[in-house]
Amino acid sequence: GASGLKLNPKERLVFQEVLCWVMEDLAEKIVTLLKTGSLPLLEELKSQVPDSVLTLLRVPGLGPKRAAALYKKLQIATLEDLRQACLDHRVRELDGFGARTEENILKGIEAAIQAGQRILWYEADQIVQSLREHLGTIPGLRRLEPAGSYRRGKDTVGDLDFLALADDPGPIMDRLAAFRGVKDVLARGDTKMSIVLQSGVQVDLRVVPSESFGAALQYFTGSKEHNVILRGMAKDRGLKINEYGVFRGEERIAGAEEEEVYATLDLPWFPPELREGRKEFEWAAAGKLPDLVTLDDIRGDLHMHSTWSDGIATIEDMVEAARARGYKYIAITDHSQRVTVANGLNAERVLSQWQAIDRLAKKWRDFHILKGIEVDILEGGGLDLPDDVLKEADWVVASVHFGQNQPRDQITRRMIDALKNPYVCAIAHPSGRLLLERPPYEVDLDAVLRAARDYGKMMELNAHPRRLDLDDVACAAAKAYGVPIVISTDEIGRG
Ligand code: DGT
Ligand code: CA
Ligand code: CA
Ligand code: ZN
């Protein structure tokens with residue numbers, strides 16, 4: 001590839017696109033480009049493609065070739081154009097496209113639109129940590145709290161909302177403007193400031209006085225749905241609630257702390273993760289707000305890859321890392337043979353890995369290594385390893401990696417059959433979604449959860465920041481069916 005060139009991600013996309021599109025004509029020129037590393041030619045190529053065509057590449061399954069065909073044949077230059085063309089069934093008429101492809105594109109457009117506007121929670125967390133560090137030492141800054149979707153732990157975040165408690169906003173705003181990632185200061189007022197980072201992420205900061213801090217934190221944490229219900233309850237009691245406090249007439253009766261804001265309505269403090277306007281008020285009324293799982297509750301990890309397949313750490317390193325975290329057990333679950341790109345294990349290799357684990361396990365008295373496998377649920381149904389191999393395992397997770405575009409019935413059937421297998425313990429990343437990249441595949445989750453319940457199996461909450469799969473709503477559904485959730489990382493040993 002073009003590894004000798006210093007291309008930014010956008011240039012790389014343009015480069016790939018044009019490379020595929022006009023490969024024959026330009027092969028010679030591209031060789032020159034690679035040799036000389038000069039960018040003028042790239043600039044010329046770039047001018048042939050409107051910037052917006054690049055956004056088409058965010059649609060799952062749309063590579064440079066297809067994106068180029070859409071642009072050339074149908075003059076589709078934006079995601080909006082693409083959506084309309086799919087709705088008009090013009091896309092299915094093109095060579096190399098069909099009705100199914102068109103449907104999948106249409107489904108992927110939403111994810112593609114979001115990809116440009118949102119970031120993973122994990123990425124937001126990194127920004128939050130470095131902003132905290134950057135602002136943390138300002139004299140006079142008494143509190144600094146992130147609010148919004150980040151505080152609620154949403155899987156993706158649109159923008160960051162910070163609240164600061166200070167008498168003088170000036171020094172805080174000055175320091176924010178000097179944050180290393182800042183591209184632009186969008187607005188700066190007396191108490192409110194908005195910046196945009198190089199990455200395109202917007203950060204809003206509000207400086208509020210102490211008597212309003214709790215009310216502001218509550219208001220700007222949201223969600224909007226949660227706050228709508230709260231305002232309604234306040235109104236029913238003749239109270240008014242806003243970002244400045246809770247008021248009876250002109251009198252502020254609460255505002256400094258979130259707890260007292262909720263207490264004026266006889267409500268408990270809600271963990272931000274529950275504030276989505278779903279069932280939290282029902283639970284509160286029944287005195288049954290759930291205790292949330294915290295990192296301290298995690299005792300082990302049941303989905304991990306090692307150097308035996310696509311991991312980059314040895315089993316021993318994984319054990320040591322887990323022990324350092326205070327874990328009591330892990331399962332090594334490398335891929336099965338079908339996942340050839342990940343160097344998946346066949347029967348012979350997995351059996352010899354398990355022998356190696358048996359030997360290794362003797363090293364630690366206070367720690368368990370489970371012999372596991374992430375076995376593929378094959379496209380045509382059935383599992384990627386025979387039962388007489390699977391029965392030797394301590395822990396088997398089954399997952400769909402191939403055939404994700406199949407119709408709903410077929411994928412559902414494959415998953416239910418996998419759950420029926422006596423040696424399968426859990427289904428890994430059950431929806432297959434990749435946040436901001438690929439929507440979940442079509443599956444009848446209720447039917448799968450019923451099967452999990454009937455066969456006594458578990459469902460995974462894959463905690464990889466790109467997956468978070470099952471999502472919060474699906475986990476609640478699993479809980480309602482009495483299906484246990486296993487929280488795993490799918491770790492490959494990044495360190
Ligand atoms: P995001 O940024 O799209 O991931 O989602 P949020 O929840 O962070 O939303 P954002 O940044 O627009 O606003 C932060 C919070 O402020 C939101 O959760 C609730 C509150 N808020 C903002 N605008 C409004 C509004 O117009 N009405 C109400 N009730 N609340 C609002
Ligand atoms: Ca936000
Ligand atoms: Ca905001
Ligand atoms: Zn895995």
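What you are looking at is a predicted structure, and each value in this text was computed from that prediction instead of being measured.

Engineer: I would appreciate a short explanation of the overall build of the chain in the present structure.
Structural biologist: Counting secondary structure elements, the chain contains 20 helices and 17 strands. For the chain, the C-alpha atoms occupy an extent of roughly 75 × 65 × 50 Å along the three principal directions. Counting every position in the chain, which comprises 495 residues, the buried fraction comes to 47%. Here the contacts in the chain between residues at least 6 apart in sequence split such that 64% fall between residues at least 24 apart. Summed over all atoms, the accessible surface of the chain reaches about 24,400 Å², with 51% contributed by carbon and sulfur.

Engineer: Just to check I follow, could you spell out the coordination of the zinc ion (ligand 4) for this structure?
Structural biologist: Angles at a metal have ideal values that depend on geometry: 109.5 degrees with four tetrahedral donors, 90 or 180 degrees with six octahedral donors. Coordination of the zinc ion (ligand 4) by the protein involves His303 (NE2), His305 (NE2), Glu374 (OE) and Asp490 (OD), with metal-donor separations of 2.0 to 2.3 Å. Around the zinc ion (ligand 4), the four donor atoms sit at angles spanning 81 to 172°, and that spread fits a shape best called irregular. Taken in chain order, the donor set of the zinc ion (ligand 4) reads H-x1-H-x68-E-x115-D. Judged by its relative accessible area of 0%, His303 falls in the buried class.

Engineer: Sorry, what's going on with the site of ligand 1 here?
Structural biologist: Near ligand 1 there are 15 residues, and of these Arg118, Ser149, Arg152, Gly158 and Asp159 occur at the shortest range. Between ligand 1 and Arg152 there is a distance of 2.9 Å, counted from an oxygen atom to a side-chain nitrogen or oxygen. At 2.7 Å from an oxygen atom of ligand 1 is found a main-chain nitrogen or oxygen belonging to Gly158. Where the shell around ligand 1 is concerned, the elements lending two or more residues are helix H9 (148-151), helix H11 (213-221) and helix H12 (224-236).

Engineer: What is the right way to look at the coordination of the calcium ion (ligand 3) in this model?
Structural biologist: The protein atoms donating to the calcium ion (ligand 3) are Asp159 (OD), Asp159 (OD), Asp161 (OD) and Asp204 (OD), with metal-donor distances spanning 2.2 to 2.8 Å. Read in sequence order, the donor residues coordinating the calcium ion (ligand 3) give the pattern D-x1-D-x42-D. Taken as a pair, the calcium ion (ligand 3) and the calcium ion (ligand 2) show a spacing of 3.8 Å, with Asp159 coordinating each metal. Taken together, the residues span a long stretch of sequence, with Asp159 in the loop between strand S3 (156-157) and strand S4 (160-165) and Asp204 in strand S7 (residues 202-208) at a distance of 45 residues. The partly exposed category is assigned to Asp159, whose relative accessible area is 25%.

Engineer: Quick question: what am I supposed to make of the pairing of strand S13 (residues 368-376) here?
Structural biologist: In the case of a regular strand, side chains alternate between the two sheet surfaces. Of all nine residues in S13, seven are buried; the element is thus mostly enclosed. Sheet analysis places strand S12 (residues 329-332) next to S13, joined by four bridges and oriented parallel. Bridge assignment links Ile332 to a residue of S13, and that residue is Lys371. Alignment of S13 against strand S14 (residues 395-399), held across five bridges, turns out to be parallel. Each residue of the ladder has a partner; that of Ile373, found in S14, is Val396.

Engineer: Sorry if this is basic, but what is going on with the packing of helix H6 (residues 79-87) against helix H7 (residues 99-115) here?
Structural biologist: Helix-helix packing: each pair is described by the crossing angle between the helix axes and the interaxial distance. Two numbers describe how H6 lies on H7: the axes approach to 10 Å, and their chain directions differ by 155°. As far as their axial angle goes, H7 and H6 are roughly antiparallel. For H6 against H7, the interelement crossing comes out left-handed. Residues Leu79, Leu82, Arg83, Ala85, Cys86 and Leu87 of H6 form the contact with H7, whose own contacting residues are Glu102, Ile105, Leu106, Ile109, Glu110, Ala112 and Ile113. Here the contact of H6 with H7 is composed, by residue class, of ten nonpolar, no polar and three charged.

Engineer: Just checking my understanding: could you explain the sheet that holds strand S10 (residues 251-254) for this structure?
Structural biologist: Sheet strands pair via backbone hydrogen bonds, and the direction of the pair is either parallel or antiparallel. The three strands lie next to each other as S8-S9-S10, forming an open sheet whose pairing is antiparallel. With one partner strand each, in any of the chains shown, strand S8 (240-242) and S10 form the two edges of the open sheet. For this sheet, the mean angle separating the axes of adjacent strands, direction not counted, is 35°. Bridging between strand S9 (residues 245-248) and S10 involves three bridges; their strand directions are antiparallel. Bridge pairing in S10 places Arg248 opposite Glu251.

Engineer: How should helix H20 (residues 472-480) be read in this particular structure?
Structural biologist: Residues spaced three or four apart along an α-helix point in a common direction, a consequence of the helix completing one turn every 3.6 residues. Within H20, burial applies to Ala474, Cys475 and Ala478. The arc that holds the buried residues of H20, viewed along the axis, is 105°, so those residues lie on one side. Exposed residues pointing more than 90 degrees away from the buried face of H20 are listed as Lys479 and Ala480. In this fold, the buried residues of H20 make contact with helix H19 (445-455), strand S16 (458-462) and strand S17 (485-488). The N-cap residue of H20 is Asp471: its side-chain oxygen and the backbone nitrogen of Val473 are 3.2 Å apart. Gly482 lies just past H20 and shows a positive phi near 75°.

Engineer: Would you explain the packing of aromatic side chains in this entry?
Structural biologist: Both the distance between ring centres and the angle between the ring planes are used here to describe each pair of aromatic rings. Using the criterion set out here, one finds four aromatic pairs in the structure. Both rings, one in Tyr262 and one in Phe270, keep their centres 5.2 Å apart while their planes meet at 65°; by these two values the pair is edge-to-face. The residues Tyr262 and Phe270 share a single accessibility class, namely buried. Sitting over the face of the ring of Phe97, Arg66 holds its NZ or CZ atom 5.2 Å from the ring centroid. A cation sits over an aromatic face here: Arg338 above Phe402, 3.6 Å from the ring centre.

Engineer: Looking at this model, I keep getting lost on the environment of Asp190. Mind explaining?
Structural biologist: Within the secondary structure, Asp190 sits in the loop between strand S5 (182-188) and strand S6 (192-197). Taking the C-alpha atoms as reference points, Asp190 and Gly170, separated by 20 residues in sequence, lie 8.2 Å from one another. When sequence neighbours within four positions are dropped, the list of residues in contact with Asp190 reads Pro169 and Met173.

Engineer: What am I meant to see in unusual backbone geometry here?
Structural biologist: Generally, phi is negative for residues other than glycine and the peptide bonds are trans, each holding for most cases. Note that the residue after Gly222, namely Ser223, is joined by a cis bond; omega there is 0°. Secondary-structure assignment places Ser223 in the loop between H11 and H12. A positive phi angle is found at Gln75, which is not glycine, with a value near 55°. If you trace the backbone, Gln75 turns up in the loop between helix H5 (64-74) and H6. Of note in the backbone geometry, Asn343 takes a positive phi value of approximately 55° without being a glycine. Locating Asn343 in the fold gives a position in the loop between S12 and helix H16 (347-361).

About the criteria used
- Residues numbered from 1 in each chain as written.
- Chains lettered and ligands numbered in written order.
- Predicted model: local features only at pLDDT ≥ 70, side-chain atom pairs only at ≥ 80, totals over all residues.
- Heavy atoms only, no water.
- Helix = DSSP H or I, 4+ residues; strand = E, 2+ residues; numbered from the N terminus.
- Buried < 20%, exposed > 50% of the residue type's maximum accessible area, 1.4 Å probe, protein only.
- Contact = heavy atoms within 4.5 Å.
- Areas by Shrake-Rupley, 256 points an atom, 1.4 Å probe, with all protein chains shown as cover.
- Donors = N, O, S within 2.8 Å, 3.2 Å for Na, K, Ca; no water.
- Tetrahedral: all angles 85-135°; square planar, octahedral: opposite > 155°, others 65-115°.
- Near = heavy atom within 4 Å.
- Polar contact = N/O pair within 3.5 Å; in protein donor to acceptor, adjacent residues only side chain to side chain.
- Pairing = 2+ DSSP bridges.
- Axes fitted to C-alpha atoms, helices over the stretch in contact; angles between N-to-C directions.
- Parallel < 35°, antiparallel > 145°, perpendicular 65-115°, else oblique.
- Left-handed = near helix turned anticlockwise from the far one by under 90°.
- Nonpolar A, V, L, I, M, F, W, Y, C, P; charged D, E, K, R; others polar.
- Arc of directions from axis to C-beta.
- Phe/Tyr/Trp six-rings, centres within 6.5 Å; stacked < 30°, edge-to-face > 60°.
- Lys NZ or Arg CZ within 6 Å of the ring centre and 35° of its normal.

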